[in-house]
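Here is what each chain is made of, one letter per residue.
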Amino acid sequence: MKKKLIIWDFDGVIADTEKLWLKNRQILMKEALGIDWDWQTINHYLRGTGDKTKRIVLDNLGITTDDDFWDKSIEMDINTMRTEGFELTDGIEDIFKLPIKQCIATGGVKDKTAEKIKITGIQNYFPADKVFTIDMVKNGKPEPDLFLLAAEKMGEKPENAVVIEDSIAGLTAAIKAGCLPIAFLAGDIENDQIHLEKVKKLGVKHIFHNMKDVKKLITELF
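Residues numbered from 1 in each chain as written. Predicted model: local features only at pLDDT ≥ 70, side-chain atom pairs only at ≥ 80, totals over all residues. Heavy atoms only, no water.

Q: Tell me about the overall build of the protein chain, and name the residues and values.
A: In terms of regular secondary structure, the protein chain is built from 10 helices and six strands. Taking 17 Å as the expected radius of gyration for a compact globule of 222 residues, we find that the protein chain reaches 17 Å, a close match to that expectation. Projected onto its principal axes, the C-alpha positions of the protein chain cover 50 × 35 × 30 Å. By the burial criterion, 53% of the 222 residues in the protein chain qualify as buried. Within the protein chain, contacts between residues separated by at least 24 positions form 70% of all contacts whose residues are at least 6 apart in sequence. Carbon and sulfur atoms make up 49% of the accessible area of the protein chain, which totals about 10700 Å². Across the protein chain, the mean location of the 32 positive side-chain charges is 6 Å away from that of the 37 negative side-chain charges. (Helix = DSSP H or I, 4+ residues; strand = E, 2+ residues; numbered from the N terminus. Rg over C-alpha atoms; globule rule 2.2 N^0.38 Å. Buried < 20%, exposed > 50% of the residue type's maximum accessible area, 1.4 Å probe, protein only. Contact = heavy atoms within 4.5 Å. Areas by Shrake-Rupley, 256 points an atom, 1.4 Å probe, with all protein chains shown as cover. Lys, Arg positive; Asp, Glu negative; His and termini not counted. Charge placed at Lys NZ, Arg CZ, Asp CG, Glu CD.)

This is how it looks when you write it as structure tokens:
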């Protein structure tokens, strides 16, 4: 059966931004909470999820955060975007240009996501009605809520959609939603053997490290 919808994750897929947000959480945890996690620890616990899920993870570890902490996190991220900037993943725009229904479903919040889309200049491909964020659903990834919402709003059944993700949480959510998961592992913090093995254990069959190969698969599936 031919697929009809591409659902894109943003961080780590559309742009290699996940490392920026993790660095900011690392800094803020030390400044606000006195918790000095090294890169390996922050990467292990908080990689690949939106702030809603990150907060739950920290709560489960006995680390209490308040709304001010997460508001400050967003402020730091927006400042980082505006001062450091970032670029689209090489070759991804060639896929955006294909005559295929596409949308974004990200663990980021609405305002931050809008800023990311503005900085990368992809507003024409993804207007507001094709962008779905964590504040639109009850549960973040690894739960399927966001991808189910995206498919519904785009007028397609989940089984007719492919999800392009980099994180274990995102790929798990795609599988739970009944979408076809495609793993894109080219970001600085996703392109390692340990992460690759975790992706394979999920049963993900389509694993890529560049958008040229992703495009080839897409043209076969659609």
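Q: Residue-level account of the pattern of salt bridges, with values.
A: Per the stated rule, a full pass over the model turns up 13 salt bridges. Linking Asp-51 and Arg-25 is a salt bridge whose minimum nitrogen-to-oxygen distance equals 3.2 Å. Placement of the pair is Asp-51 in helix H3 (residues 51-60) and Arg-25 in helix H1 (residues 18-33), with a sequence separation of 26 residues. Judged by its relative accessible area of 14%, Asp-51 falls in the buried class. Of the residues examined, Arg-25 reaches a relative accessible area of 1% and is grouped as buried. Residue Arg-25 pairs with Asp-77 through a salt bridge whose shortest N-O separation is 2.4 Å. Of the two residues, Arg-25 is situated in helix H1 and Asp-77 in helix H4 (residues 67-84); the sequence distance between them amounts to 52 residues. (Salt bridge = Lys/Arg side-chain N within 4 Å of Asp/Glu carboxyl O.)

Q: Describe the packing of aromatic side chains, listing the residues and the values that go with them.
A: Considering all chains together, one arrives at six aromatic pairs under this definition. Seen from their ring centres, Trp-8 and Phe-96 are 5.3 Å apart, and the 85 degrees between their planes marks the pair as edge-to-face. Remark: Phe-96 occurs in helix H5 (residues 92-96) and Trp-8 occurs in strand S1 (residues 5-8); sequence separation between them is 88 residues. Each residue in the set Trp-8, Phe-96, Tyr-125 and Phe-126 is aromatic and connected to the rest through ring pairs, giving one cluster. (Phe/Tyr/Trp six-rings, centres within 6.5 Å; stacked < 30°, edge-to-face > 60°.)

Q: Report on the pairing of strand S4 (residues 161-165), specifying residues and quantitative values.
A: One face of the sheet, then the other: side chains in a regular strand alternate in exactly this way. In terms of burial, S4 is a largely internal element, five of the five residues being buried. Residue alternation in S4 divides its side chains into two sets, Ala-161, Val-163 and Glu-165 and Val-162 and Ile-164, and both sets are buried. Note that S1 and S4 share four bridges and pair parallel. The partner of Ile-7 across the bridge, within S4, is Val-163. By the bridge criterion, four bridges tie S4 to strand S5 (residues 180-184) in an arrangement that is parallel. Bridging across to S5, Val-163 finds its partner in Pro-181. The handedness of the S4 to S5 crossover, carried by helix H8 (residues 168-177), is right-handed. (Pairing = 2+ DSSP bridges. Right-handed = clockwise from strand over helix to strand, strands pointing away.)

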